[in-house]
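# Structural description and commentary
Residue strings, one per chain:
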Amino acid sequence: MKLIKNNQKVRCEMGVCRNLADYSITLDRVGIKSRIHICKDCLNELKRIIDEQEEE
């Protein structure tokens, strides 16, 4: 899995977010759903949630 800077104009795929995606998470598999596009705000929120879970 890799986090790469997104150069395309695609929308963030996290929930009902309407921002343009700043990053893409590439998965190890191939195919149509091999990337998840995510904006900077959602990425920071996801990081915050993961950090909270690790502290428990």
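This text follows the structure it describes.
Now for a description of the structure that goes with this document. This structure is a prediction, so every number in the text was calculated from the model and none was measured.

Calculation notes
- Residues numbered from 1 in each chain as written.
- Predicted model: local features only at pLDDT ≥ 70, side-chain atom pairs only at ≥ 80, totals over all residues.
- Heavy atoms only, no water.
- Pairing = 2+ DSSP bridges.
- Helix = DSSP H or I, 4+ residues; strand = E, 2+ residues; numbered from the N terminus.
- Salt bridge = Lys/Arg side-chain N within 4 Å of Asp/Glu carboxyl O.
- Buried < 20%, exposed > 50% of the residue type's maximum accessible area, 1.4 Å probe, protein only.
- Axes fitted to C-alpha atoms, helices over the stretch in contact; angles between N-to-C directions.
- Contact = heavy atoms within 4.5 Å.

Walk down a regular strand and you will see the side chains alternate between the two sheet faces. Pairing of strand E1 (residues 2–5) with strand E2 (residues 23–26) involves 4 bridges; the strand directions are antiparallel. Among the inter-strand pairings, lysine 2 is bridged to a residue of E2, identified as threonine 26.

Attention shifts here to the pattern of salt bridges. Scanning the entire structure with this criterion turns up 3 salt bridges. Here glutamate 45 and arginine 48 are joined by a salt bridge, their closest N and O atoms 2.5 Å apart. Placement of the pair is glutamate 45 and arginine 48 together in helix H1 (residues 40–55), with a separation of 3 residues, close to one helical turn. Residue glutamate 45 is classed as partly exposed on the basis of its relative accessible area, which comes to 36%. A residue is classified by how much of its surface remains accessible, and arginine 48, at 37% relative accessible area, is partly exposed. Of the charged contacts in the structure, one is a salt bridge between aspartate 51 and lysine 47, with a shortest N-O distance of 2.9 Å. Residue aspartate 51 and its partner lysine 47 are both found in helix H1; the two are separated by 4 residues, about one turn of the helix. Given a relative accessible area of 31%, aspartate 51 falls into the partly exposed group. One connected set of salt bridges, linked through shared partners, spans Glu45, Arg48 and Glu52.

Another aspect to go through is the sheet that holds E2. With respect to topology, 3 strands assemble into an open sheet ordered E1-E2-E3, the strand pairing being antiparallel. The open sheet has two free edges, formed respectively by E1 and strand E3 (35–38), since each of these has just one partner strand. Pairs of neighbouring strands in the sheet enclose a mean axial angle of 25°, with direction left out of account. Strands in contact with H1 are E1, E2 and E3; relative to E3, the strand with the most contacts, it is inclined by about 105°.

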